[in-house]
Amino acid sequence: MKKNISDSYDAIIVGCGIAGSACGALLAAMDQKKVLILEKASQIGGRATSFRGEAVTDATKFRKTLAVCAHSWVSDRTRPGLDTMIKKKMLKGYVLEAGGRGAWFTNRGRVSQALSLFNKASIFYPNEGFVWYDHEWKPHIIGRKNKYGWMSDEDYAEMVKVHKRKLQLRTIADAEKLDHVTLKDWVEGITSNALAQEFHYTMGTFQTIINDPALNSAGENLKVFLQVQETGVHITNGSWAFAGSPGHRFISEGFATAAQDNGADVVTEAAVKEIIIEKGKTSGVMVKTGGKVLKIKAPTVICTLPPKELLKLIPETLLSPEFVRLAKRIIHTSMVAAQIGMNKPLHEFCGINVDPRSFYHTSMLIPESEGLFRGNVPLDIIAMSAIAPTSAPEGKHLMGMASSILADEAHDKKKVNVVIDRMLKFMDTAFKGWQKSVEWMLFTVGDTCILWRHPEDEWADVKCATIEGLYFAGDTYGKRINEGGVEGAVHSAFICAGAVSGKDYLQYLPSVFR
């Protein structure tokens, strides 16, 4: 990315992940602002960055990029060791994500709609098929409008009752009325059936990566449900979608390229040390790049850092107490993830006849009743190269698996190892003989996968209430943001860029995504 930097801009954006790059594209292309995007890491993409295996040539650099971009680290359960993988060029031809990554809505969602505004392609590939593993880890293929095999007629009827209640909601405004109701309370108010509850709690975890339904907002889940209905995706088709080469980094690269096409500067390895605030107004930043610390002027600064990082950059005393309170209470969902290179396709070990592109799931990898984790820890498994063939070299296969936990749990190495042990035990049970085809396993742990508000809280606004010219963007900023992760980051960017320019950029998105 460009290294020459001017001494002044109309707007400076801190961070070139999805939100930062999308803000830059909107302000440069649609508002003709002179924009500078500064990225601390050596590559753009933020938490949704990704890597080509052959480009991973230095283990230390790879670990640093993971830490800076995605707040993730490589587990010592990786085998063989990362240095050995690199030395033997075992990763060549594979696409590596910065943890467990995927997207709802395939190429019909907010991300794709936004990229198309700038004539940039979207390269998501959907799952085709869904296999649910019950409490005994026995598989059941899910079909449309067919009773689920692990449920009795009564269980299924109760599950459908909750689903029909969801269908009564027609608009995002309807769902917003339940923003401060927990998913647990909402579902329990409809049914007391344990399997029906478990199913809808699982749908909530799919959407927010929060395992505990008491931490999950019913309103946020129902907004996603409405968008699912609008786009026509289904648990058996498009419940998750994955990117082919170069991985999910393509999203930020598309927006960043659009920004550069319209005169913006994008600079990597540029660490913002200070947002300059004078007399209650932003006037620029101090940034370290190329071994020098530079002062760059701008009346508008957009910070896209997660709250815990933002509060290290801006003194709390300069922010409103309410903003600080909300920022500190944000729920950091975390992920224990594995990417695994194989010489045979995963579905050959499944034991049942399934589409190779199927999504495999158990909601009971580690039950909450064991007392180790908050909420039931699930496991999601996907044959990534079966869905997105360009994610693995010819003749090889890439699978991924991921379990969501909370940030404090992710920093407990014993608990992480329990998750990994249980992952491998599940695989040995459900995919007998699979390890004979394994050539390498890369385990990563991240403590900032998707950010969510507590159900009783509001989202923090994109416009700072106490500092003129300071704005925020990312999947935790925006009063009416809905969805999380990559979709939430784009939504926030449209809200933020609109606040900066005074224009309604949300009008360019379908109404259900506004």
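One can find the structure itself at the top, above this paragraph.
Overview of the structure. Keep in mind that this is a model prediction, so the values were computed, not measured.

The rules behind the values
Residues numbered from 1 in each chain as written. Predicted model: local features only at pLDDT ≥ 70, side-chain atom pairs only at ≥ 80, totals over all residues. Heavy atoms only, no water. Axes fitted to C-alpha atoms, helices over the stretch in contact; angles between N-to-C directions. Helix = DSSP H or I, 4+ residues; strand = E, 2+ residues; numbered from the N terminus. Parallel < 35°, antiparallel > 145°, perpendicular 65-115°, else oblique. Left-handed = near helix turned anticlockwise from the far one by under 90°. Contact = heavy atoms within 4.5 Å. Polar contact = N/O pair within 3.5 Å; in protein donor to acceptor, adjacent residues only side chain to side chain. Pairing = 2+ DSSP bridges. Buried < 20%, exposed > 50% of the residue type's maximum accessible area, 1.4 Å probe, protein only. Core = buried A, V, L, I, M, F, W, Y, C linked by side-chain atoms within 4.5 Å. Salt bridge = Lys/Arg side-chain N within 4 Å of Asp/Glu carboxyl O. Expected span 1.5 Å × (residues − 1). Nonpolar A, V, L, I, M, F, W, Y, C, P; charged D, E, K, R; others polar.

Re the packing of helix H5 (residues 153-167) against helix H8 (residues 194-208)
Contact geometry for H5 and H8: axes closest at 8 Å, N-to-C directions at 45 degrees. Classed by the angle they form, the pair H5 and H8 counts as oblique. Here H5 runs over H8; the crossing is right-handed. On the side of H5, the interface is formed by Asp155, Glu158, Met159, Val162, His163 and Lys166, while H8 contributes Leu195, Ala196, Phe199, His200 and Met203.

Quick word on the side chain of Ser501
Positionally, Ser501 belongs in helix H16 (residues 485-501). Within polar-contact distance, the side chain of Ser501 engages the backbone nitrogen of Lys503 at 3.2 Å. Setting aside its immediate chain neighbours within four residues, Ser501 contacts Leu27 and Asp31.

Considering the sheet that holds strand E2 (residues 35-38)
Two modes of strand pairing occur in sheets, parallel and antiparallel, and in both the strands are linked by backbone hydrogen bonds. If you walk across this open sheet you meet the five strands as E10-E2-E1-E14-E21, and the pairing is parallel. On the outer flanks of this sheet lie strand E10 (265-267) and strand E21 (470-472), each paired with one strand and no other. Shown here is a sheet whose adjacent strand axes are inclined to one another by a mean of 20 degrees, direction ignored. Pairing between E2 and E10: three bridges, direction parallel. Paired with Leu36 across the two strands is Asp265, which belongs to E10. Set on the sheet, helix H1 (residues 18-30) makes contact with strand E1 (11-14), E2 and strand E14 (300-303); between it and E2 the angle comes to about 170 degrees.

Describing the pairing of strand E16 (residues 359-366)
Along E16, eight of the eight residues are buried, which leaves the element largely enclosed by surrounding structure. Note: strand E7 (residues 130-133) against E16, four bridges, orientation parallel. The partner of Val131 across the bridge, within E16, is Tyr360. Here E16 pairs with strand E17 (residues 377-382) via five bridges, running antiparallel. Residue Ile366 lies in a different strand from E17, and its bridge partner there is Val377.

A look at the nonpolar core
In this structure, Phe255, Leu319 and Phe472 are the most contacted members of the largest nonpolar core, which totals 149 residues. In terms of residues, this core owes the most to one element, H16, which gives nine residues. Sequence-distant contacts of Leu319, defined by excluding residues within four places in its chain, comprise Leu310, Leu311, Ile314, Val324, Cys464, Thr466, Ile467 and Phe472. Core analysis: the next-biggest nonpolar cluster, separate from the first, contains 37 residues, Met342, Tyr360, Val416 and Met441 among them.

Examining the pattern of salt bridges
Scanning all chains against the criterion turns up 26 salt bridges. Residue Glu456 is joined to Arg329 by a salt bridge in which the shortest nitrogen-to-oxygen separation is 2.7 Å. Remark: Arg329 occurs in helix H12 (residues 321-329) and Glu456 occurs in the loop between strand E20 (451-452) and E21; sequence separation between them is 127 residues. Measuring nitrogen to oxygen at the nearest pair gives 2.9 Å for the salt bridge that ties Arg357 to Asp355. Look at Arg357 and you get partly exposed, because its relative accessible area is 33%.

As for helix H10 (residues 249-261)
Relative to the 18 Å expected for 13 residues at 1.5 Å per residue, H10 spans 18 Å between its end C-alpha atoms, a close match to the ideal helical length. Among all positions in H10, only Arg249, Phe250, Ile251, Ser252, Gly254, Phe255, Ala256, Ala258 and Ala259 are buried. Just beyond H10, the residue with positive phi is Gly263, at close to 95 degrees.

Examining the packing of H1 against H16
In the contact formed by H1 and H16, the axes pass within 8 Å of each other and the chain directions differ by 40 degrees. Here H16 runs oblique to H1, going by the angle between their axes. Viewed along their axes, H1 and H16 form a crossing whose handedness is right-handed. When H1 is examined against H16, the residues Ile18, Ala19, Ala22, Cys23, Leu26 and Leu27 are found in contact with a partner set consisting of Val486, Ala489, Val490, Ala493, Phe494, Cys496, Ala497, Val500 and Ser501. The class makeup of the residues in the contact of H1 with H16 is 14 nonpolar, one polar and no charged.

Focus on unusual backbone geometry
Cis peptide bonds are those with omega within 30 degrees of zero, and the linkage from Arg79 to Pro80 qualifies with -15 degrees. Put simply, Ser245 and Pro246 share a cis peptide bond, and its omega is 10 degrees. Relative to the elements of secondary structure, Pro246 occurs in the loop between strand E9 (237-243) and H10. Of note, the phi angle at Gln32 is positive, near 55 degrees, even though the residue is not glycine. Summarising the element assignment, Gln32 is placed in the loop between H1 and E2. Judged by relative accessible area, which is 60%, Gln32 ranks as exposed. Positive phi values are uncommon outside glycine, yet His71 reaches one of about 55 degrees. Tracing the chain through its elements places His71 in the loop between helix H2 (59-70) and strand E4 (72-74). According to the relative accessible area criterion, His71 is buried, its value standing at 14%.

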